[in-house]
Amino acid sequence: MRRANRLIAPLLLFCMSPSVADQTGDKSREPLWEFQVVAFGQNFPAYPSSADQNMTLLPLPFPVYRGKFLRFGEDLDELASGQIVDTDRVKLSLGVSASFPEDSDSLAMRSGMPDLDFLVEAGPEIKFRLRGGEQDARELNLSLQLRAAVSLDGLDSKGRGVVFNPEIEYLARDLLGEGNEVKLRLSSTWASDEFMNYFFGVAPQFATTDRPAFNARSGYLNTELLVGLKRKLSDRLEFRGSVRLWVNKGAKNDTSPLYQRDYDKGIRLALFWTAWQSKRR
């Protein structure tokens, strides 16, 4: 992990240097299809409030499609979205996001418990543009997301309840130079008891003297503050990075033995190299 952190620092400084690309910001001229290769790294908590941090470093193939109704590959936080309504001020879509699995035996407080499997969340999102739009230098949005969660263990799936995320997002384009995009996002998470039990519940058969049985309840999970940067380094190379702070204090299930910290932090860095673009826009 220390070695990875030493690699991250010079990479971040390089990506903050002056851009060599000339970007117009006209999304209508972006390719319909792209195939990208991503060098991806993140250091996130193993689960909300966990004292264990998980460093993930991966090379990934990353196809991008920008259709009129279906879009995917444009955002690491959202795997795909389907556009239902898209006007100047209101956007209604269906989105899909996912999080990495965790081996419980590698986490001190979850040792001996079931693993945290690959988690997929899917559902509707309504976005209100409070200021500006996709072609403007500044954009302010209010979004409301409601998503059902499903954990996947190979071909086995299990419903994990629902999650509600209200968020406000501010985008500043060309702020630190032409072709850059700075993002500020504040969001909170509220979840059903099934979702809460996935992370904080302790079934009686997994209870120990240090980890008593616990039945989690629905309610407030946490609040996230994100600061992100997207920067075009050349015609085919793009950097995206974000730092995050999660405030878990006041969470509904802060008395769970699996609840460990009032504050979490995380960083995600990625370099995207475009190997191929379609001529069709």
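These numbers were taken from a predicted model, which means no experiment stands behind them.

Asker: Explain the overall build of the protein chain to me, and be specific about the residues and the numbers.
Answerer: Across its full length, the protein chain carries two helices and 12 strands. Counting from the amino terminus, the protein chain carries its helices and strands in the arrangement α-β-β-β-β-β-β-β-β-β-α-β-β-β. Over its C-alpha atoms the protein chain spans a radius of gyration of 20 Å, differing by no more than 12% from the 19 Å that the globule rule assigns to 281 residues. Its C-alpha atoms put the protein chain at 60 × 45 × 35 Å along the principal axes. Counting every position in the protein chain, which comprises 281 residues, the buried fraction comes to 43%. Taking as baseline every contact in the protein chain between residues at least 6 positions apart, the subset at least 24 positions apart corresponds to 62%. In the form shown here, the protein chain has an accessible surface area of approximately 14,900 Å², with 59% of it arising from carbon and sulfur atoms. Across the protein chain, 37 positive and 37 negative side-chain charges occur, with their mean positions spaced 4 Å apart.

Asker: If you had to explain the packing of aromatic side chains to someone new, which residues and values would you point to?
Answerer: The geometry of an aromatic ring pair comes down to the distance between the two centres and the angle between the two planes. According to the stated counting rule, one finds 11 aromatic pairs in the structure shown. Aromatic pair tyrosine 47 and phenylalanine 200: ring centres 6.4 Å apart, planes at 75°, arrangement edge-to-face. One end of the pair, tyrosine 47, is in the loop between strand S1 (33-45) and strand S2 (53-66); the other, phenylalanine 200, is in helix H2 (residues 193-200), and 153 residues separate them in sequence. Exposure class is identical for tyrosine 47 and phenylalanine 200. Each is buried. A connected cluster of aromatic rings, assembled from ring pairs, spans Trp33, Tyr65 and Phe72. One cation-aromatic arrangement involves arginine 110 over tyrosine 47; the distance from NZ or CZ to the ring centre is 6.0 Å. Looking at arginine 240, its charged tip hangs above the ring of phenylalanine 272, at a distance of 3.9 Å from the centre.

Asker: Tell me about H2, and please be specific about residues and values.
Answerer: Along H2, the positions that sit buried rather than exposed are Phe195, Met196, Tyr198, Phe199 and Phe200. The buried side chains of H2 occupy one side of the element, clustering within an arc of 160° when seen end-on. Lining the buried residues of H2 we find strand S6 (118-131), strand S7 (138-153), strand S8 (156-173), strand S9 (180-191) and strand S10 (219-232).

Asker: Break down the pattern of salt bridges for me, citing the residues and quoting the values.
Answerer: Under the criterion given, the structure shown has 19 salt bridges. The partner of arginine 244 in a salt bridge is glutamate 224, and the shortest N-O contact between them spans 3.6 Å. One end of the pair, arginine 244, is in strand S11 (residues 237-247); the other, glutamate 224, is in strand S10, and 20 residues separate them in sequence. Relative accessible area serves as the criterion here: at 9%, arginine 244 is assigned to the buried category. The exposure class assigned to glutamate 224 is buried, which follows from its relative accessible area of 9%.

The rules behind each value
Position numbers for residues count from 1 along each chain, tracking the sequence in the order it is written. Given that the model is predicted, a residue must reach a pLDDT of at least 70 before its local features are reported, and side-chain atom pairs must reach 80 or more before they are shown or counted; all residues, however, enter totals for whole chains, interfaces and linings. Side-chain measures here rest on the full set of heavy atoms in the structure, leaving out hydrogens and waters. Each helix is a run of DSSP H or I of at least 4 residues and each strand a run of E of at least 2, with the numbering of both proceeding from the N terminus. To get the radius of gyration, use the C-alpha atoms; to get the globule rule, take the number of residues to the power 0.38 and multiply by 2.2 Å. Whether a residue is buried, partly exposed or exposed follows from its accessible area with a 1.4 Å probe, protein chains only, as a fraction of its type maximum: under 20%, in between, or over 50%, in that order. Here, two residues are considered to be in contact whenever any of their heavy atoms come within 4.5 Å of each other. A 1.4 Å probe and the Shrake-Rupley method give the accessible areas. Residues count as covered only by the protein chains that appear here. In summary, the charge assignment counts Lys and Arg as positive and Asp and Glu as negative, without counting His or the chain termini. By convention, charge coordinates are those of NZ in Lys, CZ in Arg, CG in Asp, or CD in Glu. In this analysis, rings of Phe, Tyr and Trp, with Trp reduced to its six-membered ring, are considered paired at centre separations within 6.5 Å, and the interplanar angle assigns stacked below 30 degrees, edge-to-face beyond 60, and tilted for intermediate values. Criterion for a charge above a ring: Arg CZ or Lys NZ at most 6 Å from the ring centre, at most 35 degrees from the ring normal. The reported arc concerns the directions from the helix axis to the C-beta atoms and nothing else. For salt bridges, the criterion is a side-chain nitrogen of Lys or Arg within 4 Å of an Asp or Glu carboxyl oxygen.

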